[in-house]
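Inside the fold
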Amino acid sequence: MKRFFKMGIACLLSTGLFLGCSDMRYDISEGFDKDITLFEEEISVPIGSIGPITVESLLLQSSIGKMLFAFMTVKEDGSFELATTSNLFSINVHRLEKEAGDVSKPFTYKAGDRSASVSGVVSMMGFMGLKALEQNVTIMATNPLGSKVPFRATFGLTCGTSYSKSTPLELNLSGMSTAPYSIHEFALPVEVRDVVNEVSLKSLEMDMPEHPVNKIYDDTQGDVFAFSSKHTCKLGVGETFNLPYKHTLKDTIAIGKYQLSACDATIELENTLPLAVTINSIQVLKNVETDEVDENITITPDITIAGGSPGAPGVTNLKLHVAAKTGTIPDIHGLKIDLVVKAQPGSEGIVLSGKQGLYVKSSSAKVSGGITIPLN
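Note that the coordinates shown come from a computational prediction; the quantities given were computed from them, not determined experimentally.

Calculation rules
- Residues numbered from 1 in each chain as written.
- Predicted model: local features only at pLDDT ≥ 70, side-chain atom pairs only at ≥ 80, totals over all residues.
- Heavy atoms only, no water.
- Helix = DSSP H or I, 4+ residues; strand = E, 2+ residues; numbered from the N terminus.
- Buried < 20%, exposed > 50% of the residue type's maximum accessible area, 1.4 Å probe, protein only.
- Contact = heavy atoms within 4.5 Å.
- Areas by Shrake-Rupley, 256 points an atom, 1.4 Å probe, with all protein chains shown as cover.
- Phe/Tyr/Trp six-rings, centres within 6.5 Å; stacked < 30°, edge-to-face > 60°.
- Pairing = 2+ DSSP bridges.
- Axes fitted to C-alpha atoms, helices over the stretch in contact; angles between N-to-C directions.
- Salt bridge = Lys/Arg side-chain N within 4 Å of Asp/Glu carboxyl O.

1. With respect to the overall build of the protein chain
- Secondary structure assignment for the protein chain yields five helices and 22 strands.
- Relative to its full complement of 376 residues, the protein chain shows a buried share of 45%.
- Within the protein chain, contacts between residues separated by at least 24 positions form 86% of all contacts whose residues are at least 6 apart in sequence.
- Entry remark: accessible area of the protein chain is about 18900 Å², with carbon and sulfur atoms responsible for 51%.

In structure tokens form, the structure reads like this:
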């Protein structure tokens, strides 16, 4: 919106400057009105763009959205992938020996049932009306020994109250690296929309060699057996997605000296967000420090900008009327924009992408009543 006003004013200024550069061969310093009124009927001029409003700019308006972005990466297709890791089970090898008792010969260590809730960050998506799409869970493990450690367990998932899945694991855990590595990966069916809230390793048993501490090459680091789960998903629109979006522009737009009384602007917007944008109000500030609104100026927008998709964008003409209640429009010292972005019917389950946004296709301003410019 800031660029819309600035470019509009720039166009008006350039028009005035163009006419002001005419060859003045006569003395008009005395006996003449030093104000000149142009375009007394009407004129249309091009104006600049607003936005774009993107998924990222929308989500970063809220504290929850900022927290989600800390766990996100942007994929090549522009989609946002959220990834969190939860610890399932870990034990220091020295403690394992102590709990096992006799370690003079190979033994089986029974860890029992182990489960962990997926990070609370993921569950926060629901508070914003977002959905977890294309969910994937990976079980990772760390083995500090230099030899293989066979283990047996049942890998389980629960998603809200609508899904439960158990997959038995019969795998060998081996390697010296202290970094976790993948041992099992499971993609949830597409129709599962509830977010994963618990991952479990049930009846975990590990077949240990004799004296496992002696098997550690370097007992100063990496001496912990660990199982963890990594949950990834993409952000999707939920049917309850409804996000207020407020922004204050604090730049001064010096138009008072041009005695502009009214202006109508038509902006053709292309919306590839699967979301409808409803503009509640645009207010003019006369003091940005105190947020004091200038009641002398009104800006009247249309109500709703239709949503769409990259393949089938929604196109809407937004009509703005800028007018002074009395006299002419004074200098504008800031703009306060209040709008709401919400899901449209049928948009549930659509993946949100950084390539989606609200953009300007074309724009023009229609000035009526003339522009009065002081020549002195």
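Next, the rest of the story.
2. Description of unusual backbone geometry
- With a phi angle near 50 degrees, Glu134 is a residue other than glycine that sits in the positive phi range.
- Position of Glu134 relative to the elements: it lies in strand E7 (residues 130-142).
- Take Glu134: its relative accessible area is 53%, and that puts it in the exposed class.

3. Let's talk about the packing of aromatic side chains
- Scanning the entire structure with this criterion turns up three aromatic pairs.
- Note on Phe151 and Phe227: the rings are 5.1 Å apart at their centroids and 65 degrees apart in plane angle, and the pair reads as edge-to-face. One end of the pair, Phe151, is in strand E8 (residues 149-159); the other, Phe227, is in strand E12 (residues 224-237), with 76 residues separating them in the sequence. Considered together, Phe151 and Phe227 belong to a single accessibility category, that of buried residues.

4. Describing the sheet that holds E12
- Strand order in the open sheet made by the five strands is E4-E5-E12-E7-E10, with antiparallel pairing throughout. Taken across any chain shown, the strands that pair with only one partner, and hence form the sheet edges, are strand E4 (72-74) and strand E10 (181-187). Pairs of neighbouring strands in the sheet enclose a mean axial angle of 25 degrees, with direction left out of account.
- Sheet topology note: the E7/E12 ladder contains 11 bridges and is antiparallel. Paired with Thr142 across the two strands is Ala226, which belongs to E12.
- Helix H4 (residues 93-100) contacts strand E5 (80-92) and E12 of the sheet and is inclined by roughly 45 degrees relative to E5.

5. Concerning the environment of Asp294
- With respect to the element layout, Asp294 can be found in the loop between strand E16 (292-293) and strand E17 (297-300).
- Here the alpha-carbon distance between Asp294 and Val284, two residues 10 residues apart in the chain, equals 5.6 Å.
- Discounting chain neighbours no more than four positions away, the residues touching Asp294 are Val284, Leu285, Lys286 and Pro330.

6. So, the pattern of salt bridges
- Counting across every chain of the model gives seven salt bridges.
- Between Glu134 and Lys234 there is a salt bridge whose closest N-O contact spans 3.5 Å. Of this pair, Glu134 sits in strand E7 while Lys234 sits in strand E12, and the two are 100 residues apart along the sequence.
- Using a relative accessible area of 14% as the deciding quantity, one classes Lys234 as buried.
- In this structure, Glu292 engages Lys286 in a salt bridge whose closest nitrogen and oxygen atoms are separated by 3.6 Å.
- Overall, the relative accessible area of 42% leaves Lys286 in the partly exposed class.
- Bridged by salt links that share partners, the residues Asp77, Glu134 and Lys234 form one connected network.

7. Focus: the side chain of Thr167
- Mapping Thr167 onto the fold places it in strand E9 (residues 163-173).
- Since its relative accessible area comes to 16%, Thr167 is described here as buried.

8. Let's talk about the sheet that holds E9
- The sheet built from four strands is open, its strands ordered E6-E11-E8-E9 with antiparallel pairing. Of all the strands in the sheet, the pair left with one neighbour each is strand E6 (107-117) and E9. Averaged over all adjacent pairs, the angle separating strand axes in this sheet is 10 degrees, with direction ignored.
- Here E8 pairs with strand E11 (residues 196-208) via eight bridges, running antiparallel.

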